[in-house]
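Here's the letter readout for the chains.
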Amino acid sequence: MNMKNGKRTIIFTILLLSVALYAGTGTALAKTKTVKVDMANKASKTMRLAALSKAKKVRVKSSKSSVAKVKYKKTKKNRRIVITGKKPGTAMVTVRCYLKGGKKKVYKYKVKVTKSSKTRQTGKKTAFAGTLKASLNDAGYVKLQYSKIAGAEHYVVQRKTETGEWKKLKTAWKTTLTDQTVKADTVYEYRVQARVSGTYTQYSNVVRIAVGKIGSNNVGGNPSQLPSPEPAVPSVPTPKPSPEPTPYQAKYSYEVSVLNQFTIYEDVPIVLYVKTDNPNPNDEVYVSIGAYEEKVTGGPDYDYEDIEYLDQEETNTTFFNKVKGGWIYTCIAKEPGTHTVSIQELEEGKNNNNTWRTVDTFQIEVKDGAAGKKSFCEKVIQTVSSEDYNEDGLGKWGSLSAQQKMERLEGYIRDNMNYPRIDTNGSYLGYNTIWIVQENVGADWETGFTDCGGAAELLRDMAKMLGIEAYTWMTQLNGAIHIVVRTVIDGQEYYYDATPWEGGYKNWDYIRLDKY
């Protein structure tokens, strides 16, 4: 999303990162190649990478599947990667090819999805490329359904009665809408337009529908959609309409990129890079990134070690941190779903009558963390209960007691996860936990990094799946709060600590913000 003075700059670029091996690691570095794609002609890009034919396993991931989706397609004859642009925005796509001998090749694509320049507005609004339909549901309310317009940011639905004037009913992000504000025994007309690349299309066809009784099963009792009204031909010159208010012009440009490298779940920090020429969100113009009818809030305000911050200026908006080219903003979603988040500027009016003006919106897709965590726990239990698993020397799963099963799960979490901290010497470092966007900002079962609280929650959930009564238990270690798992087995209390005491970071590189 790139907006300056109310206009959008439109580019669709894929940065193809080919590979060069790290010395002695078998992992790939990147060289950049640019590929221009015209979405008006073809929205998908197919790549047949040489490493695919030799890969034992291929993993693909898009940081924002709502912007660009990626799929690995395999047939008997060929293997290929397909990246499909879904809407304007920026996404990072990663392709990992696991080869024989432990070698790995990694391809990364920076995907910038926008419209073709051929579709830009030239003074005349483009037509609404679809149709609008209306019907009555069982309760007698009006159900609207309209075509999905490519690249639409949102839709504006208008309504009027036979003798009334057109008024805005709702701004919608879906292609269906139920109007429950209608009155009985009234005829309504509806139309819709889409906002594409910062400009509204023409209105759709007008539908006309009569509402009868409301609140009971009206199938067959109310008439369905009436014929669309014929446009009236005035017999006298039409009065000159009152001038519409001048639309708000953004004072600065804004482009938002999501820096998260892992899947975004609820309660996982979402790290946004707001590239803008706004020098300080505390001066004459304010910026507020927050939810629009969605459960997205600011925070937590972490300092990430792999982001190069500049000297901070005092801002009026919490969770902004100054970096080269703009600001880092952290927010968090409280529930899964596709959340629409807005960027707003404060328009100063007379007599301190100020108004928040939305200058752009973008969407964040948040996955179901509870379902992801449950799936991970089930896979761990499946692994440690297999017949050939006896790495801890306790024997076969079927012969283990409940205490031994807890010991095996405890050991598995310790051995297969890391504690996010500066040193790797295995000592307890208390508050020296660090946060790195590229490696550990995400769900711990995906990143492989967790602390005592996260490890305890995983072990507790696995215990409950086995039918063992278990709770997280707060205690102290070296004067600091520490969390373990308390279980009750055969009436006796047992405590387990799954904290991975070893692990940490040796080195990391700053995120290249200039690539966004």
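Residues numbered from 1 in each chain as written. Predicted model: local features only at pLDDT ≥ 70, side-chain atom pairs only at ≥ 80, totals over all residues. Heavy atoms only, no water.

Topic: the overall build of the protein chain
So, point 1. Regarding its fold elements, the protein chain presents five helices and 30 strands.
So, point 2. Within the protein chain, the proportion of its 516 residues that are buried is 43%.
So, point 3. Counting contacts in the protein chain only where the partners sit at least 6 residues apart, residues at least 24 apart contribute 62% of the total.
So, point 4. Carbon and sulfur atoms make up 47% of the accessible area of the protein chain, which totals about 28,300 Å². (Helix = DSSP H or I, 4+ residues; strand = E, 2+ residues; numbered from the N terminus. Buried < 20%, exposed > 50% of the residue type's maximum accessible area, 1.4 Å probe, protein only. Contact = heavy atoms within 4.5 Å. Areas by Shrake-Rupley, 256 points an atom, 1.4 Å probe, with all protein chains shown as cover.)

Quick look at the sheet that holds strand 7 (residues 68–74)
So, point 1. Spatially, the three strands line up as an open sheet ordered 5-8-7, and their pairing is antiparallel. Looking along the sheet, the strands with just one partner apiece sit at the ends: strand 5 (44–47) and strand 7. Averaged over all pairs of adjacent strands, the angle between their axes in this sheet comes to 20 degrees, without regard to strand direction.
So, point 2. Here strand 7 pairs with strand 8 (residues 79–85) via seven bridges, running antiparallel. By the bridge assignment, Tyr72 is partnered in strand 8 with Ile81. (Pairing = 2+ DSSP bridges. Axes fitted to C-alpha atoms, helices over the stretch in contact; angles between N-to-C directions.)

Some points on the side chain of Arg486
So, point 1. Here Arg486 shows up in strand 29 (residues 480–489).
So, point 2. A distance of 2.7 Å separates a polar atom in the side chain of Arg486 from a polar atom in the side chain of Glu493.
So, point 3. Residue contacts for Arg486: discarding those within four places in its chain leaves Glu469, Ala470, Tyr471, Trp473, Glu493, Tyr494 and Tyr495. (Polar contact = N/O pair within 3.5 Å; in protein donor to acceptor, adjacent residues only side chain to side chain.)

Observations regarding the environment of Val70
So, point 1. Within the secondary structure, Val70 is located in strand 7.
So, point 2. The class of Val70 is buried, set by a relative accessible area of 13%.
So, point 3. Taking the C-alpha atoms as reference points, Val70 and Ile81, eleven residues apart in sequence, are found 7.1 Å from one another.
So, point 4. Dropping the residues within four chain positions of it, Val70 is found in contact with Val60, Lys61, Ser62, Ile81, Val82, Ile83 and Val93.

So, the nonpolar core
Grouped burial of nonpolar side chains is what soluble globular proteins tend to show.
So, point 1. Counting residues in hydrophobic clusters, the biggest one holds 29 residues, and the most contacted among them are Ile413, Leu459 and Met462.
So, point 2. Put simply, the parts of the chain that give this core at least two residues each are helix 1 (369–384), helix 2 (402–416), helix 5 (452–465) and strand 29.
So, point 3. The element contributing the most residues to this core is helix 5, with six residues. (Core = buried A, V, L, I, M, F, W, Y, C linked by side-chain atoms within 4.5 Å.)

Considerations on the pairing of strand 24 (residues 320–323)
In regular strands, side chains alternate between the two faces of the sheet.
So, point 1. Neither face of strand 24 is exposed, since Phe320 and Lys322 on one face and Asn321 and Val323 on the opposite face are all buried.
So, point 2. In this structure, strand 24 lies alongside strand 25 (residues 326–333), joined through four bridges in antiparallel fashion. Looking across to strand 25, one finds that Lys322 is bridged to Trp327.
So, point 3. Counted between consecutive antiparallel strands, the loop separating strand 24 from strand 25 contains two residues, among which Gly325 sits at a positive phi close to 90 degrees.

Comments concerning helix 5
So, point 1. Between its first and last C-alpha atoms helix 5 spans 20 Å; for 14 residues at 1.5 Å apiece the expected length is 20 Å, and the two agree.
So, point 2. Of all 14 residues in helix 5, eleven are buried, a share of seventy percent or more.
So, point 3. Of the residues making up helix 5, those classed as buried are Cys452, Gly453, Gly454, Ala455, Ala456, Leu458, Leu459, Arg460, Asp461, Met462 and Ala463.
So, point 4. Among the structural elements, helix 1, helix 2, helix 4 (444–447), strand 28 (469–477), strand 29 and strand 30 (492–496) are those in contact with the buried residues of helix 5. (Expected span 1.5 Å × (residues − 1).)

Describing the packing of aromatic side chains
So, point 1. Taken as a whole and judged by the stated rule, the model has four aromatic pairs.
So, point 2. A ring pair is formed by Tyr188 and Tyr190, whose centres lie 6.4 Å apart and whose planes are at 40 degrees; its orientation type is tilted.
So, point 3. For Tyr188, a relative accessible area of 4% gives the class buried.
So, point 4. With 6.1 Å between their ring centres and 65 degrees between their planes, Trp473 and Tyr495 make a pair best called edge-to-face. Taken together, the positions of Trp473 in strand 28 and Tyr495 in strand 30 put the pair 22 residues apart, joining distant regions of the chain.
So, point 5. Looking at Trp473, the relative accessible area reads 37%, which means it is partly exposed.
So, point 6. Over the ring of Tyr203 we find Arg191; its NZ or CZ atom is 3.7 Å from the centre of that ring.
So, point 7. In this structure, Arg195 is placed above the aromatic ring of Tyr200, and the distance from its NZ or CZ to the ring centre is 5.4 Å. (Phe/Tyr/Trp six-rings, centres within 6.5 Å; stacked < 30°, edge-to-face > 60°. Lys NZ or Arg CZ within 6 Å of the ring centre and 35° of its normal.)

Looking at the pattern of salt bridges
So, point 1. All chains considered together, the criterion is met by 14 salt bridges.
So, point 2. The partner of Lys396 in a salt bridge is Glu387, and the shortest N-O contact between them spans 3.7 Å. There is no split in this pair, since Lys396 and Glu387 are both exposed.
So, point 3. Beyond isolated ion pairs, a larger network of salt bridges with shared partners links Lys160, Glu162, Glu189 and Arg208. (Salt bridge = Lys/Arg side-chain N within 4 Å of Asp/Glu carboxyl O.)

Quick notes on the sheet that holds strand 11 (residues 132–136)
So, point 1. Strand order in the open sheet formed by three strands is 11-12-15, and the pairing between neighbours is antiparallel. Looking at the sheet topology across the chains shown, the edges are occupied by strand 11 and strand 15 (176–179). Taken over all neighbouring pairs, the strand axes of this sheet differ in orientation by 20 degrees on average, direction set aside.

Focus: unusual backbone geometry
A negative phi angle is the norm for most residues apart from glycine, just as the trans form is the norm for most peptide bonds.
So, point 1. Unlike most non-glycine residues, Asp185 shows phi in positive territory, near 55 degrees.
So, point 2. Structurally, the position occupied by Asp185 is in the loop between strand 15 and strand 16 (186–196).
So, point 3. Backbone geometry places Asp267, a non-glycine residue, at a positive phi of 70 degrees.
So, point 4. Along the chain, Asp267 turns up in the loop between strand 20 (254–258) and strand 21 (270–276).
So, point 5. The partly exposed category is assigned to Asp267, whose relative accessible area is 44%.

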